[in-house]
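# What the coordinates show
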Amino acid sequence: MAYKLNDKSYYNNRELSWLRFNYRVLAEAGDTRNPLLERLKFIAITSSNLDEFFMVRVAGLKDQVKMNYAEPDTKTGMTPEEQLSGIGELNRENCRIQYEMYHELMEELEKLNVFLKRPHQLHQSLQDKLEKLFDEEILPALTPLGIDAYRPFPKLMNKKINLFVDLSNELGKQTAIVQLPTVIKRFYELSHEGKTYFVLAEDIIEEYVYKLFNGYQIDRTFPFRITRNADLTIHEEGAADLLIEIERFLKERTKGAAVRLEIDRSRDITINGSFLEEQLSLHPEDVYRFDGPLDLTFLFEMTDKLKYRFPKLLFKPFFPQQPKFLGNRNVYEAALKEDIFFHHPYESFQPIIEFVQQAATDKNVLAIKQTLYRVSSDSPIIESLKLAAENGKQVTVLVELKARFDEENNVHWAKELEDAGCHVIYGMNYLKTHSKITLVVKKVNKKIVKFVHLGTGNYNDSTAKLYTDMGIITTDPRIGDDAVNFFNYLSGYSLKPEYKELHVAPFEIRDMFAERIDLEIESHKKYGNGYIFAKMNSLTDKRIIDKLLQASQEGIKVDLVIRGICCMKPGIKDVSDNIRVISVVGRFLEHSRIYYFYHNGDKKMFLSSADMMTRNMIKRVEILFPINDPRIVEELIEVNELFLRDNVKARVQLPDGTYEYVKNDLPPLSVQDELMKRAVENSEQKKTELLQEHSNILERIKSRFRK
């Protein structure tokens, strides 16, 4: 049949779709079902997300405009200039709502006797404390930067708060800038008569800034903040040592061109910042003026300080449970018998840590090989890999130095691992290695067994409590052989292997998706029961989008659970009306990637580190792996169905690209709440079974003594 494709009205622009996602995050701050401190955190998350969006995505578009690159995007046909215009319009509305919510939530805090105030609004005794604090702690760290013919406009740091100061004396007017040093706190906490007061550092500096400028009158002050281009090029070709090149790159990134100027105009609504705009070579559309403090990420730290006093204003504590498919068994013994499935954070990440820890000290383990993309600042996995090398194991670790905004952390770990005797690979030329795989080679009963962990998320014990991810540990010989070939390909010089079970990007994963969709279409033509389910972070790849549109036009039902960017519009008559797109934004960050093709009952289920994004499938080393154990396939189908039943946190995309909450008459169900509940129930059942087993053993022992 002739498919309806390539009409720009069928697609969403990538950047505008991302801004709609960030609005869904912001909307959680307005959801009164969430506790107050959690709502404040969602405002902080929105700000953090937006910083990265400007540093990378907006910066990239601005570079294209500067180079007169007017090529439209492949889906909506929007030029870089049109995209920047659309971003400005949509983001300004998002920011307006964000600050409205911020002020509303701070008023809620005041009902609890917690206040954010400026120094002059405090009791005199607190003002005296702040002045002393300024004189002793803050003033010595400040450096006023005058601007005149002899002192040019300074190179101000990315994302740091600055105070703009207009001065005057009998000789005329002057301008200066005071940057908040990194060494001082963003805010200070004070108490008086049972009330808690937080005071921002920029407000304290503004109050006493006259002490920096003797002989001058302070005419006007206001805080501002610059966001710079952080999407600079790492020059891999010809780099003698990629570690040194990354360290150079990190220094350069703090000096990138300005892409956004934010101004706090809450002191004076007439402030426009035209002087700063000119000095930074920005345009009026690059300037954002807010009636409130800049960089709302300070709410992370503020809520952290309040959580012990107001525990009921946080989500009810949840502790990851023992994995259902592992129970209380040793991970190595269990994996010899069957595949083990893990679902974090509902189930504990600890068995994955122990998988590496035990390998480090087991005399029968010959080698450990692992890819690391992002790890925690005090990673137990890193410590285990170092110990393994010290114990004489062959340890090979790929540390991806190009993991954006984690480069510095990864450079540190790469050096530590090398010093411990590990063989460290830095990644591959022009590709990021985003795969999540660990191979442990071990002797079991005089035979070599390859234990393989494959996952959708990073080996990060901290984010494993906040991100939803999935993985398996298997001793399947075919997957084991693939793992050996994968690491040999990364560490040496060889052609890309022919894999038996794994699908490895670049290119192969996208080809496999296209092939599976075609097979589902063929199956549907025969049996009329075609079905595709996919869960991911983002969908941007046009080839795959068009394949899904073809499936829809053939009558195949397609359910997509996409947390973030979705460049396809569902529900368009005769085009995508068999496609449903759902986004779940809640307590945990949805991060797992699941791909399922019904194939007339010959169910094919896959997990992956990759989204259906062009960059993932073309510019990264990613792994998509099959789920071959029927028990795990059925478990995943059940999880998929829960996502489709969510009518509490799920939002459905409408044909115009906007989202609304799922509305139906079914009993309320939140997929995340349900999975937490099931994990606890399963763990309690396992404990009961274990206690019963121990009781039976004791009873048998007692009966022998009786005899």
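Structure shown above.
Residues numbered from 1 in each chain as written. Predicted model: local features only at pLDDT ≥ 70, side-chain atom pairs only at ≥ 80, totals over all residues. Heavy atoms only, no water.

Here we take up the nonpolar core. One finds Ile 205, Leu 299, Phe 513, Leu 539 and Leu 560 to be the most contacted residues of the largest nonpolar core, which totals 112 residues. Per element, the largest residue contribution to this core is 12 residues, and it comes from helix α2 (residues 36–66). If we ignore the near neighbours within four places in the chain, the residues touching Phe 513 are Ile 544, Tyr 595, Phe 597, Met 612, Met 617 and Leu 624. Ile 352, Val 411, Tyr 531 and Ile 637 belong to the second largest nonpolar core, which has 96 residues in total. (Core = buried A, V, L, I, M, F, W, Y, C linked by side-chain atoms within 4.5 Å. Buried < 20%, exposed > 50% of the residue type's maximum accessible area, 1.4 Å probe, protein only. Helix = DSSP H or I, 4+ residues; strand = E, 2+ residues; numbered from the N terminus. Contact = heavy atoms within 4.5 Å.)

For helix α15 (residues 542–553), spanning 12 residues, the distance from its first C-alpha to its last is 16 Å, which sits close to the expected 16 Å at 1.5 Å a residue. Burial runs high along α15: 11 of the 12 residues are buried. Among the residues making up α15, those that are buried are Lys 542, Ile 544, Ile 545, Asp 546, Lys 547, Leu 548, Leu 549, Gln 550, Ala 551, Ser 552 and Gln 553. Elements that come into contact with the buried residues of α15 comprise α14 (508–527), β19 (531–536), β20 (557–562), β21 (579–584) and α16 (614–618). The backbone nitrogen of Arg 543 has a side-chain oxygen 3.3 Å away, supplied by the residue at the start of α15, namely Asp 541. Residue Gly 555 follows α15 closely and has a positive phi angle near 100°. (Expected span 1.5 Å × (residues − 1). Polar contact = N/O pair within 3.5 Å; in protein donor to acceptor, adjacent residues only side chain to side chain.)

On to the packing of aromatic side chains. Per the counting criterion, the structure on display carries 25 aromatic pairs. A centroid spacing of 5.3 Å and a plane angle of 90° characterise the contact between Phe 187 and Phe 198, whose relative ring orientation is edge-to-face. A residue pair is termed long-range when its members are at least 10 positions apart, and Phe 187 in strand β5 (residues 187–192) and Phe 198 in strand β6 (residues 195–200) qualify at 11 residues. Here Phe 513 and Tyr 595 contribute two aromatic rings whose centre-to-centre distance is 4.6 Å and whose plane-to-plane angle is 55°, an arrangement assigned as tilted. One end of the pair, Phe 513, is in helix α14; the other, Tyr 595, is in strand β23 (residues 594–597), and 82 residues separate them in sequence. With respect to burial, Phe 513 and Tyr 595 carry one shared label: buried. An aromatic cluster is built from Trp 18, Phe 21, Phe 53, Phe 54, Tyr 99, Tyr 102, Tyr 288 and Phe 290, whose rings are joined through pairwise contacts. Positioned above the aromatic ring of Tyr 288 is the side chain of Arg 92, whose terminal nitrogen or guanidinium carbon lies 4.2 Å from the ring centre. (Phe/Tyr/Trp six-rings, centres within 6.5 Å; stacked < 30°, edge-to-face > 60°. Lys NZ or Arg CZ within 6 Å of the ring centre and 35° of its normal.)

Taken in spatial order, the three strands make up an open sheet running β1-β6-β5, and their pairing is mixed. Only two strands of the sheet have a single neighbouring strand rather than two, namely β1 (114–116) and β5. Strand-to-strand twist across the sheet, computed as the mean angle between neighbouring axes with direction ignored, equals 25°. Pairing geometry for β5 and β6, over six bridges, is antiparallel. Within β6, the residue paired with Leu 190 across the bridge is Tyr 197. Strands β1, β5 and β6 of the sheet are contacted by helix α8 (residues 298–306), whose axis makes an angle of about 35° with β5. (Pairing = 2+ DSSP bridges. Axes fitted to C-alpha atoms, helices over the stretch in contact; angles between N-to-C directions.)

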